[in-house]
Amino acid sequence: MSVTFTEEQITDTICKISLDGTLDAPSAMSIEDEFKAILMAKSAQVIVDLDNIDYMSSYGLRMLLVGAKTLNSKGGGLHLVAPNEHVMKVITVAGYDQMFPVYETLKDALQALGQ
Amino acid sequence: MTNDRQITKIAQLENLPLIRTFVKECCETTNLDSNIAYDLVLAVDEICTNIATHGYKGLEPGPITVGFKAREDRVTITISDRGHPFDPGNAPEPNLDQDWRKRPVGGLGLFLVNKIANKVSYESSPDGTNHLTLVKKLPTSS
C-alpha cells in the first residue's frame, strides 16, 4: 500500500495534483518532501484531487496542511476535490473543510476558480 | 455475536497496513457497518502510528498487540506495547477554532481517536506494558 501523485498544469495559474493510493503515515512520509517541493515552486491555485485516495489518516491531513501553508505563504491556495465519504469525514472532523474549499468534482472546483 | 482475535507485530511503520487489514477483517467477520469499520481501522492506525513513531523512540522497536472483541452492543479493542508510557488522555487537544495558518502541524491523530471511540482508557501494568482500550458502542439492532 502506497501513494503516488501526478501533476497537471490546467491553466497558467491552476495546477492539479492527483493523489492515488493509501495516504497513511508511511506513504505520506514517502511523498511529503516531493509534494511540498512542487508546491514551493507554485504561486498559484492548486487543486488536490483525492478521487483515488481510498484511505487517509492524520498524516495525510498533516501533509495537506503543510502544503496549504506553503501555498498561502506564496499567495496561492489549496483546493480539495472528490474525497470519498470516509476521507471526507476525516476532513470534516479535523475541521479542514473550514480551512480550504472542498468540492465534489473537478468541474465544481474549476467553476469556482473562474474556469 | 462473539469474535475475539488478536495480532502481534513489531512496532514499525511498514507493519501498519497489516494491522489495518487485521482490524478490517475482524469488522467484516463481525458484519459491522462499513462506516464503523472504517472508523475503527482509522483509530487503531492512529494509535499504532504513534507507538511506531514515538512509543519506542530510542529503543529497539518492540511488539504491538491489537486485540479485537466484538459483542452485541460494543466492540472493545485493546492495543498493548512495551514502549515508553504514554497516556493519550494527557495529550493536548488541537484548537480547531484557531486561524489555520497558525495551526500547528500534527496533533490530530489522538483527537480523531477520541472522536471515534466512545471510551478511551489507558493503563500501565507493573511489568511495563502499556494497555490502551477503545470501546465503540454499536447501534442496537431492531
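Residues numbered from 1 in each chain as written. Chains lettered and ligands numbered in written order. Predicted model: local features only at pLDDT ≥ 70, side-chain atom pairs only at ≥ 80, totals over all residues. Heavy atoms only, no water.

Caption draft 1: Expanded view of the overall build of chain B. Summing up its helical and strand segments, chain B has 3 helices and 5 strands in all. Its helices and strands in sequence order give chain B the pattern β-α-α-β-β-α-β-β, from N to C terminus. At 15 Å, chain B has a C-alpha radius of gyration in line with the 14 Å of a compact globule built from 142 residues. With the C-alpha coordinates aligned to their principal axes, the bounding extent of chain B is approximately 45 × 40 × 30 Å. Taking all 142 residues of chain B together, 46% fall into the buried category. When contacts within chain B are restricted to residue pairs at least 6 apart in sequence, those whose partners lie at least 24 apart make up 65%. In the structure as shown, chain B presents an accessible area of about 7,500 Å², 49% of it carried by carbon and sulfur atoms. Across chain B, 16 positive and 18 negative side-chain charges occur, with their mean positions spaced 2 Å apart. (Helix = DSSP H or I, 4+ residues; strand = E, 2+ residues; numbered from the N terminus. Rg over C-alpha atoms; globule rule 2.2 N^0.38 Å. Buried < 20%, exposed > 50% of the residue type's maximum accessible area, 1.4 Å probe, protein only. Contact = heavy atoms within 4.5 Å. Areas by Shrake-Rupley, 256 points an atom, 1.4 Å probe, with all protein chains shown as cover. Lys, Arg positive; Asp, Glu negative; His and termini not counted. Charge placed at Lys NZ, Arg CZ, Asp CG, Glu CD.)

Caption draft 2: The arrangement of the packing of aromatic side chains in detail. Here the structure, examined in full by the defined rule, presents 4 aromatic pairs over all chains. Centroid distance F5 of chain A to F35 of chain A: 6.1 Å. Interplanar angle 85 degrees. Geometry classified as edge-to-face. Separated by 30 residues along the polypeptide, F5 of chain A in strand β1 (residues 3-9) and F35 of chain A in helix α1 (residues 25-40) bring together distant segments of the chain. Aromatic pair Y55 of chain A and Y38 of chain B: ring centres 5.5 Å apart, planes at 50 degrees, arrangement tilted. One end of the pair, Y55 of chain A, is in strand β3 (residues 45-56); the other, Y38 of chain B, is in helix α2 (residues 34-55), on a second chain. Classification of Y55 of chain A by relative accessible area gives buried; the value is 6%. Taken together, Y96 and F100 of chain A together with W100 of chain B form an aromatic cluster joined through their ring pairs. Seen from the ring of Y55 of chain A, R20 of chain B lies directly overhead, with NZ or CZ sitting 4.7 Å from the centre. (Phe/Tyr/Trp six-rings, centres within 6.5 Å; stacked < 30°, edge-to-face > 60°. Lys NZ or Arg CZ within 6 Å of the ring centre and 35° of its normal.)

Caption draft 3: Examining helix α2 (residues 58-73) of chain A more closely. Residues and elements named next belong to chain A. Counted at 1.5 Å a residue, the expected span for α2 with its 16 residues is 22 Å, and the 22 Å between its end C-alpha atoms agrees. For α2, every residue scored as buried is listed here: S58, Y59, G60, L61, M63, L64, L65, G67, A68, T70 and L71. Trailing α2 by a residue or two, G75 shows a phi angle of about 85 degrees, which is positive. (Expected span 1.5 Å × (residues − 1).)

Caption draft 4: View of the interface of chain B and chain A. Contacts between the two partners involve 28 residues from chain B, matched on the other side by 30 residues from chain A. Carbon and sulfur atoms supply 64% of the area buried between chain B and chain A, which totals about 2,300 Å² over both sides. It is Y38, W100 and V105 of chain B in chain B that bury the most area against chain A; as a group they hold 31% of the surface buried on that side. Seen at the junction of chain B and chain A, the total is 2 salt bridges. A salt bridge links D39 of chain B to K89 of chain A; the shortest N-O distance between them is 2.5 Å. Remark: the boundary between chain B and chain A carries 8 residue pairs in polar contact (both at pLDDT 80 or more). (Buried area = accessible area lost by both parts, 1.4 Å probe. Salt bridge = Lys/Arg side-chain N within 4 Å of Asp/Glu carboxyl O. Polar contact = N/O pair within 3.5 Å; in protein donor to acceptor, adjacent residues only side chain to side chain.)

Caption draft 5: Broad picture of the nonpolar core. L19 of chain A together with V66 and I79 of chain B are the most contacted members of the largest nonpolar core, which totals 73 residues. Looking at this core, the element that brings in the most residues is α2 of chain B, giving 11 residues. In this structure, I79 of chain B is in contact with V44, I47, C48, I51, I64, T65, V66, N130, H131 and L132 of chain B, ignoring residues within four places of it in sequence. Within the second largest apolar cluster, 7 residues are counted, among which are I14, V81, A109 and L110 of chain A. (Core = buried A, V, L, I, M, F, W, Y, C linked by side-chain atoms within 4.5 Å.)

Caption draft 6: Expanded view of the environment of E8 of chain A. All names here are of chain A. With respect to the element layout, E8 can be found in strand β1. Among the residues examined, E8 registers a relative accessible area of 42% and is labelled partly exposed. Leaving out residues up to four positions away in the same chain, E8 has contacts with I14, C15 and K16.

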